[in-house]
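Overview (structure and organization)
The chain contents come next:
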Amino acid sequence: MDYRKIAEEIYDKVGKKENLISAAHCATRLRLVIADNNKCDSKAVEEIEGVKGVFFASGQLQIILGTGTVNKVYEEFLQVSGLSAATKAEAKQAAVAQQNIFKRAIKTLGDIFVPIIPAIVASGFLMGIMEALNFMANNGYLTLDTSSSLFVFAKLFSNVAYTFLPILIAYSAAKAFGGNPYLGAVIGMLMIHPELQNAWTVATEGVQVKQSVWFGLYEIDLIGYQGHVIPVIIAVWVMCFIEKRLHKIVPEMFDLFVTPLLSVFVTGYLTYSIIGPVFVLIENGIIDGIQWLIALPFGIGSFVMGAFYAPTVVAGVHHMYTVIDVGQLAKFGLTYWLPLASAANLGQGAATLAVACKTKNAKTKSMALPSALSAFMGITEPAIFGVNLRYFKPFVCGCVGGACGALFASVVQLGASGTGVTGIFGVLLCLNMPVKYLLMMVISIGVAFVLTWMFGYKDEESKTPETVAEKNTTETDETSGEMAQDSTETDGEMVLYAPIQGNVIPREEIPDETFASGVLGDGVGIEPETGEVVAPCDGQISSLTDTRHAIGITGPGQMEILIHVGVDTVKMNGDGFELYVSEGEQVKAGQKLMSFDLEKIKAAGFSTTSAVLLTNSYDYSSTQSLKTGSTKQMEKIISVNQ
């Protein structure tokens, strides 16, 4: 492979130096921050020999080259472009600066809510279960001792995340805004202080206490902010703004107590007197507007939102919907938005399932079937990016199915008791009306499946994975051809062993669309139980990332293996990772390669699910996962046939 030529072609197609801001790379991707997207011919970049995929994400043009290739192309690219090497953090900062204010706001909401979703999901599930048990007990379907400790404690547990939601949001927001998360938590506590009237009681009791502020200029209602989101985020942003500037001007010897004191006091007064009252009105207006849209006659508004939900996933703005869910839960006790999202996700899953059932192409089927299952579980990225958008018509059919399901959900006023989970398991949040939820599922899945089967997919019109593979194969490299031929003649079946102890999952269920879609090759995911990585085979270390989270190995038969620990862990900049090998070193199967801190990865808000991929799997006749479920290190997990 001519790495210099690849670098030169990329440089030319992205608009040359005047359109480049920074360049960095991770284990598999060249990450470029460009000044003007319109000057970049991304389709032409994708056609360059050696490029496996191109997409824009997080303000960066990400060019997928694969392990062992990306670092070599990167070195040549720096020479061709004249740019200096940038760290991932520097590239990320440059990319964020290039995004418009709307995209930055959406990204910030994602950074705030994604880490706290598990807490919201746990409470939402338990709330749904408790409501269902109450319903069955009150209607004589079930004999239940509601005074038992198990029931009483479960009822307490069920709403705890929502009761103290402002604290969770404030802590997470402070981390996202670069402030002290514990001071952020204090702001959250301040907003639900027990001396304030509980917001849940205002509807029945009215406002109990008022307070004069700003030297008697006006009065405010002394009400807590239980269930509110936007006022908490704005308050914490103000606190972080004050804190960071005080750090710059307060002498170091006084900084420890002066900065926290002033940050919390000033923010607290502004929150009670201005931020809270103003942004509660704004938030209520947004929630009322969305509810008006959903409640339009004949479900028209919900039909539109159900159709456009999947495109917002493609655009990466779907994380903002958590604000809507939480706001509706606070105001109405149910979220009518989550069923719309669930309908949209089920529609995309059904469209992918139709492709899997109809296609005669083995690789398309092997990609589509697990992706459909993932979408039915609520994770749609593998289905959308790996299958539906590739053929496009299934994506449209999935949108129509989602729209029809959302219309039904609106007409029957289907609401969920919590948020964070869609798809099949979303029924656990709708146990007070399970039949309505099941009917919504049937409509979404049925419409999307039938439309895709009839109009959305034909094998002869599709761009099959084999076609993509042919484009990416270096047919002119005689040396590679000879090596592959030699390997075919001598090696036969090859086996990769588990490099990590944990739970093996299908590649399609890895929570990263690039890994899950198979664009970087076939393999499996592993949910680690221990923080140690060993070599899955004999081979040579072909690449190591400077952030120490990923390792490339060239194994028997010229297998190119990538072990990528966690999802988006490149953002940790090596914190919690330690390598025990160097690039070019020969290793034996079972040799310790890396250690990583599971708890640090979780605390940073990233998934620990690790990818074990054969990045040149298209060079082989078949790649087969040998097991799923619990595995120890050095158990057989992947079989490769020439």
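Owing to the predicted nature of the structure, the values given are computational and were not obtained by experimental measurement.

This brings us to the overall build of the protein. Per the secondary structure count, the protein includes 24 helices and 20 strands. Within the protein, buried positions represent 50% of all 642 residues. By sequence separation, contacts in the protein at least 24 residues apart represent 72% of the contacts at least 6 residues apart. For the protein, the accessible surface area stands at approximately 28,400 Å², while carbon and sulfur atoms represent 60% of it.

Here we come to the nonpolar core. Ranked by internal contacts, the top residues of the largest apolar core, which has 36 residues, are Phe 113, Ile 169, Ile 233 and Val 236. Sorting the residues of this core by element identifies helix 5 (101-113), helix 6 (117-138), helix 9 (165-176), helix 10 (181-191), helix 12 (230-249), helix 13 (252-294) and helix 15 (321-332) as the ones contributing at least two each. In contact with Ile 233, not counting residues within four places along its chain, are Leu 109, Ile 112, Phe 113, Ile 169 and Phe 177.

As a further point, take the sheet that holds strand 15 (residues 586-587). An order of 15-11-12-13-17-9-8-19 is seen for the eight strands of this open sheet, with the pairing classed as antiparallel. Looking along the sheet, the strands with just one partner apiece sit at the ends: strand 15 and strand 19 (629-631). Here strand 12 (residues 550-554) runs beside strand 13 (residues 560-564); their pairing, made up of five bridges, is antiparallel. Within the sheet, the bridge partner assigned to Thr 554 lies in strand 13 and is Glu 560.

Take the pattern of salt bridges next. This model, assessed by the stated rule, comprises ten salt bridges. Of the charged contacts, one joins Asp 12 and Lys 16 as a salt bridge, the two residues approaching to 3.8 Å between their closest N and O atoms. What makes Asp 12 partly exposed here is its relative accessible area of 40%. Notably, a salt bridge pairs Asp 522 with Arg 507, separated by 2.8 Å at the nearest N-O pair. Of the two residues, Asp 522 sits in strand 9 (residues 522-528) while Arg 507 sits in the loop between strand 8 (502-506) and helix 23 (513-517), which places them 15 residues apart along the sequence. Arg 507 sits in the buried class, given a relative accessible area of 5%. Among the ionic contacts, a cluster of salt bridges with common partners joins Arg 4, Glu 8 and Glu 76.

With that settled, consider the sheet that holds strand 16 (residues 592-596). Here we have three strands laid out as an open sheet, ordered 10-16-14, and antiparallel in their pairing. The open sheet is flanked by strand 10 (532-534) and strand 14 (577-579), the only strands paired with a single partner. Direction aside, neighbouring strands of the sheet carry axes that sit 15° apart on average. Across three bridges, strand 10 lies against strand 16 in antiparallel orientation. Its bridge partner lying in strand 16, Val 533 is registered against Met 594.

What follows deals with the packing of aromatic side chains. Here the structure, examined in full by the defined rule, presents ten aromatic pairs. Here Phe 449 and Trp 453 contribute two aromatic rings whose centre-to-centre distance is 6.0 Å and whose plane-to-plane angle is 15°, an arrangement assigned as stacked. With a gap of four residues between them, Phe 449 and Trp 453 both fall in helix 20 (residues 434-456), about one helical turn apart. The aromatic ring of Trp 453 is capped on one face by Lys 358, whose charged end is 5.8 Å from the ring centroid.

This part takes up the side chain of Thr 631. Mapped onto the fold, Thr 631 is located in strand 19. In this structure the side chain of Thr 631 is engaged in a polar contact, spanning 3.5 Å, whose partner is the side chain of Glu 635. The contact partners of Thr 631, leaving out residues within four places of it in the chain, are Ala 498, Ile 500, Gln 501, Gly 502, Val 504 and Ile 637.

Okay, a nonpolar patch on the surface next. Among the surface-exposed residues, Trp 214, Phe 215, Leu 217, Tyr 218, Tyr 269, Ile 274, Val 278, Ile 282 and Ile 286 lie close enough to one another that they form a single nonpolar patch of about 900 Å² accessible area. Considering every element that reaches the nonpolar patch, the biggest residue donor is helix 13, with five residues.

The end-to-end C-alpha distance of helix 16 (residues 338-358), which contains 21 residues, comes to 30 Å, matching closely the 30 Å that a straight helix rising 1.5 Å per residue would cover. Counted residue by residue, helix 16 has 18 buried out of 21 residues, so it is predominantly covered.

Now for unusual backbone geometry. Although it is not a glycine, Phe 392 sits at a positive phi angle of roughly 65°. You can see Phe 392 is positioned in the loop between helix 18 (381-391) and helix 19 (393-411). A residue is classified by how much of its surface remains accessible, and Phe 392, at 49% relative accessible area, is partly exposed. If you check the backbone angles, Asp 568 has positive phi at about 65° while not being a glycine. In this structure, Asp 568 sits in the loop between strand 13 and strand 14.

Moving on, we get to the packing of helix 12 against helix 13. At a minimum axis separation of 7 Å, helix 12 and helix 13 run at an interaxial angle of 155°. Taken together, the axes of helix 12 and helix 13 are roughly antiparallel relative to one another. As helix 12 packs across helix 13, the resulting crossing turns out to be right-handed. Within the contact of helix 12 with helix 13, the residues separate by chemical class into 15 nonpolar, six polar and three charged.

Cut-offs used in this document
Residues numbered from 1 in each chain as written. Predicted model: local features only at pLDDT ≥ 70, side-chain atom pairs only at ≥ 80, totals over all residues. Heavy atoms only, no water. Helix = DSSP H or I, 4+ residues; strand = E, 2+ residues; numbered from the N terminus. Buried < 20%, exposed > 50% of the residue type's maximum accessible area, 1.4 Å probe, protein only. Contact = heavy atoms within 4.5 Å. Areas by Shrake-Rupley, 256 points an atom, 1.4 Å probe, with all protein chains shown as cover. Core = buried A, V, L, I, M, F, W, Y, C linked by side-chain atoms within 4.5 Å. Pairing = 2+ DSSP bridges. Salt bridge = Lys/Arg side-chain N within 4 Å of Asp/Glu carboxyl O. Axes fitted to C-alpha atoms, helices over the stretch in contact; angles between N-to-C directions. Phe/Tyr/Trp six-rings, centres within 6.5 Å; stacked < 30°, edge-to-face > 60°. Lys NZ or Arg CZ within 6 Å of the ring centre and 35° of its normal. Polar contact = N/O pair within 3.5 Å; in protein donor to acceptor, adjacent residues only side chain to side chain. Patch = residues over 30% accessible without salt bridge, like charges linked within 9 Å, V, L, I, M, F, W, Y side chains within 5 Å. Expected span 1.5 Å × (residues − 1). Parallel < 35°, antiparallel > 145°, perpendicular 65-115°, else oblique. Left-handed = near helix turned anticlockwise from the far one by under 90°. Nonpolar A, V, L, I, M, F, W, Y, C, P; charged D, E, K, R; others polar.

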